[in-house]
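# Secondary and tertiary structure notes
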Amino acid sequence: MNKLDAQRQKEIQQAEELLFAGPQALGFAKGLFQGHFVADWVMPYPRIPAAQQTELDETLTGLCKFLDEDLDPAEIDRQADIPRGVIDGLGRIGVLGMTAPKEYGGRGFSQMANCKVLEEIGRRCASTSVFVNAHHSIGIRALLLFGTHEQKQKWLPKLSTGQQLGAFALTEKEAGSDAANVQMQARPSEDGSHFILNGEKRYITNAAIAHELTVMARTPVPGSDKTAITAFLVTPDMPGFEMLEARMPKMGIRGTATGRFALRDVKVPKENILGPPGKGLKVALTVLDFGRTTFGACCTGAAKTCLDLAVQHANTRKQFNKTLGNFDLVKKKIARMAADAYAMESMTTVTASLIDRGLEDYMLETAMLKVFTTERLWECINDVFQIYGGSAYFVDLPLERMLRDARINQIGEGANEVLTSFIALVGMRGPGMEFKEIYDTMMKPSRDRMSKAWAAGKNRLGATIRVPDVPVQSEQLRGHARQLGRLIWRFNFAVNRVLITYREPILDMQIVQERIANAAMDLFASTCVLSRQDSEIQFARRNGDAAAPDRAAADLFLRQSFRRIRSSLAGLTDNDDKALLAAANSSLAKPPS
Ligand SMILES: Cc1cc2nc3c(=O)[nH]c(=O)nc-3n(C[C@H](O)[C@H](O)[C@H](O)COP(=O)(O)OP(=O)(O)OC[C@H]3O[C@@H](n4cnc5c(N)ncnc54)[C@H](O)[C@@H]3O)c2cc1C
């Protein structure tokens, strides 16, 4: 096997591990790639049950009061530290164990409710929201999801209340975007009672302040010379744990403690393994699904702040004898921010509800949410920065801090390029397998294959001739719903054509993948917006509200999103890809000047 084949083998193996085994319900995003509109997952727009809503409202009131009185984001940025008083306050309110079950000291909130909490924190301070995410969304997530009752009983009560803090340690020098390339070694002891861990981790949020770290390390696969990743629960008091750099100085989210540490012959008891041995990659990716969901909530909060700040300035700052809000090019930015903030919130709520409702496989939706919200937030910050002009540049306003803070979002918890490619490839896997079934049967017909190929063919053909129905209840949304159904049909057609035209080489064609992923993300975002609008209109009607809900931002979002989808699909046949790749290759081949 040559090096390229070996690499491809490794990629296929990783992709297999990424995909959940066994039959399961078709999720919304995977449905899109098959030309289906799986309405049950997205309509009606999810609502938090009344009893939970009351508890959430009370929590939010207490949280907002605490944050407004005790959180100073500018000081956190200046001091590059989140004061212990803030951490303790968040712990008292329950934020640090929001979704942990009550029996282990948590608040037992749903993901949807938790996202509302994170949105409020994200509105005010990115350092604090990243700190909470690192502790709660990913730090203790493996324990919550994969821990045994004994492990949970032992560790969670202190972690859920913030007496102790958690961290999630995956990244290493050689394992950044290539998460499967973890080099940290975990060798079993001769008596099998523990593992001996060796290696280094870097860029780990909370590493220096955590009492419990979920650490990914490579363990031998029994009966073979292979190794696989396993998740371990490590504590910094274990002999051989060495903090190399507690707070790596950095550009944004300066309040978070991002660290680098080494494990040198650290003995970790086998009771500290989280999840099945050798399944650490699946543990890590599942954990990150949760992180990406609350990422969406934090970005939504920050986008709402951008909008508030933009409106405030546009209504007060005068130039040319007019307030800035009178200029269409300023209006354009404000309109876009309002539309995007609405969409980000809708998409976060729907994605969180998928987790709450027990959809088994939501990795495509969480990846879409992460890429979409982080890219949109970056645009929002750029726009509000521009509206503030020169004043945005100075440190007395929060904008330069927000700009510095937001830049990590497109890189952390999976770089957006990697996730974009992932969305396209995992999404296309379903229809790709069906085409393979048909192709293999044509090449080598057999009775057994015929029935599978027939089912695959029927499914592919069905999606090609049937425009999916998008079932909205509000008359005024029927036009948008029809357009969305038609765009899903066109999307499916484009996916089929890409698979038939490029076949296996599509695995490496990232520019084509990006167009497919972008179209899929906008289809998901528009669906969430449409579902929410439908719900809001119906709710107002049921309550006899004379004033219809404000539809301007949602209407704009749908129009712009549909335009982007058409443009992404048109780019599949009308593009400059060859010239682009030639220019890149030419630059890459030149020696540095
Ligand atoms: C402030 C901060 C906090 C962090 N906190 C944590 C934490 O708590 N726990 C943890 O485990 N990690 C953490 N990380 C690590 C973070 O997840 C990684 O930085 C991220 O996964 C990217 O890895 P990398 O930095 O090695 O970049 P690389 O993998 O070197 O990638 C660099 C760039 O190359 C491009 N790229 C890479 N691969 C591909 C590809 N296949 N296709 C196209 N383009 C590609 C992307 O543009 C990417 O941004 C943190 C990082 C930072 C900066």
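Criteria and cut-off values
Residues numbered from 1 in each chain as written. Predicted model: local features only at pLDDT ≥ 70, side-chain atom pairs only at ≥ 80, totals over all residues. Heavy atoms only, no water. Helix = DSSP H or I, 4+ residues; strand = E, 2+ residues; numbered from the N terminus. Rg over C-alpha atoms; globule rule 2.2 N^0.38 Å. Buried < 20%, exposed > 50% of the residue type's maximum accessible area, 1.4 Å probe, protein only. Contact = heavy atoms within 4.5 Å. Areas by Shrake-Rupley, 256 points an atom, 1.4 Å probe, with all protein chains shown as cover. Pairing = 2+ DSSP bridges. Salt bridge = Lys/Arg side-chain N within 4 Å of Asp/Glu carboxyl O. Near = heavy atom within 4 Å. Polar contact = N/O pair within 3.5 Å; in protein donor to acceptor, adjacent residues only side chain to side chain. Nonpolar A, V, L, I, M, F, W, Y, C, P; charged D, E, K, R; others polar. Phe/Tyr/Trp six-rings, centres within 6.5 Å; stacked < 30°, edge-to-face > 60°. Lys NZ or Arg CZ within 6 Å of the ring centre and 35° of its normal. Core = buried A, V, L, I, M, F, W, Y, C linked by side-chain atoms within 4.5 Å. pLDDT = per-residue confidence, 0-100.

Take the overall build of the protein chain next. Counting its regular elements, the protein chain contains 19 helices and 10 strands. Whereas a compact globule of 593 residues would reach a radius of gyration of roughly 25 Å, the protein chain reaches 25 Å, a difference of no more than 12%. Out of the 593 residues belonging to the protein chain, those deemed buried represent 52%. Sequence-distant contacts in the protein chain: of pairs separated by 6 or more residues, those separated by 24 or more amount to 75%. Only carbon and sulfur atoms are counted for the fraction: they give 54% of the accessible area of the protein chain, which is about 27,500 Å².

Counting buried positions along strand β4 (residues 212-220) yields eight of nine residues, so the element is predominantly enclosed. Relative to β4, strand β1 (residues 166-169) runs parallel, the two being bridged by four bridges. Residue pairing in the sheet places G166 in a bridge with E212 of β4. Direction of pairing for β4 relative to strand β5 (residues 227-234): antiparallel, over a ladder of eight bridges.

What follows covers helix α5 (residues 84-93). V86, I87, G89, L90, G91 and I93 are the residues of α5 that are buried. Elements that come into contact with the buried residues of α5 comprise α3 (50-70), α6 (111-124), α7 (126-139) and α9 (149-161). Once α5 ends, the next one or two residues include G94, with phi positive near 105°.

What follows deals with the pairing of strand β3 (residues 194-205). Across four bridges, strand β2 (residues 185-188) lies against β3 in antiparallel orientation. Its bridge partner lying in β3, A186 is registered against L197. Hairpin geometry of β2 and β3 is characterised by an intervening segment of five residues between the two adjacent antiparallel strands and by a positive phi of about 75° at G192. Two strands pair when backbone bridges link them, and β3 and strand β7 (residues 258-269) are joined in this way by nine bridges, in the antiparallel orientation. Residue pairing in the sheet places F195 in a bridge with V268 of β7.

Following the criterion strictly, the structure yields 29 salt bridges and no others. Its salt-bridge partner being D383, residue R336 comes within 2.9 Å of it at the nearest N-O pair. Of this pair, R336 sits in helix α11 (residues 328-356) while D383 sits in helix α12 (residues 363-388); the two residues are 47 residues apart in sequence, bridging distant segments of the chain. Given a relative accessible area of 24%, R336 falls into the partly exposed group. Where salt bridges share partners, they join K116, E119, K304, E345, R532 and E536 into one cluster.

Let us now look at the site of the ligand. Neighbouring residues of the ligand: 17 residues in total, closest F168, T171, S177, Y203 and T205. Contacts to the ligand include T205, whose side-chain N or O atom sits 2.8 Å from a nitrogen atom. For the ligand, an oxygen atom lies 2.9 Å from a polar atom in the side chain of E417. The protein chains hide 66% of the 980 Å² of surface that the ligand would expose on its own. At the level of secondary structure, the elements contributing two or more residues to the shell around the ligand comprise β3 and α14 (416-443). Here the shell around the ligand takes three residues from β3, the largest share from any one element. For the shell around the ligand, the per-class residue count stands at nine nonpolar, six polar and two charged.

Along the polypeptide, N272 turns up in the loop between β7 and β8 (273-274). If we skip the residues at most four places from it in the chain, N272 touches Q151, W155, A231, F232, L233 and M238.

Now for the environment of R478. Within the secondary structure layout, R478 lies in helix α16 (residues 478-502). Distance from R478 to A169, taken between C-alpha atoms, is 47 Å for residues 309 residues apart in sequence. Here R478 is in contact with V472 and Q473, once residues within four sequence places are set aside.

Under the definition given, this model contains 10 aromatic pairs. Pairing F385 with Y393 gives two aromatic rings, centres 6.2 Å apart and planes at 75°, and the pair type is edge-to-face. You can call F385 buried: its relative accessible area is 14%. The exposed category is assigned to Y393, whose relative accessible area is 65%. One aromatic cluster in this structure is built from F28, F37 and F524. The aromatic ring of F539 is capped on one face by R47, whose charged end is 5.4 Å from the ring centroid.

Another aspect to go through is the nonpolar core. Judged by nonpolar contacts, the single largest core of 92 residues is most densely connected at F33 and F491. Ranked by the residues each element gives to this core, the list is headed by α12, at 14 residues. If we skip the residues at most four places from it in the chain, F491 touches L32, F33, I516, A519, A520, L523 and L569. Counting 47 residues, the second largest nonpolar core, distinct from the first, contains L144, A217, I273 and V287.

Moving on to the confidence of the model for the protein chain. Overall, the predicted model of the protein chain reaches an average pLDDT of 93, with 94% of residues at or above 70. Considering only residues more than four positions removed or in separate chains, one finds that residues 18-22, a stretch of pLDDT under 50, has 12 contacts.

Here we come to unusual backbone geometry. Cis geometry is adopted by the peptide bond preceding P44, which originates at M43 and carries an omega value of -5°. Note that P44 resides in the loop between α2 (28-33) and α3. In the Ramachandran plot, N321 falls in the positive-phi region, its phi being about 65° despite a non-glycine side chain. By relative accessible area, N321 is classed as exposed at 78%. Of note, the phi angle at E413 is positive, near 50°, even though the residue is not glycine. Within the element layout of this structure, E413 appears in the loop between α13 (399-406) and α14.

Moving on, we come to the side chain of T366. Mapped onto the fold, T366 is located in helix α12. Within polar-contact distance, the side chain of T366 engages the side chain of D289 at 2.6 Å. Among residues more than four places away in sequence, those in contact with T366 are D289, R292, T293 and T351.

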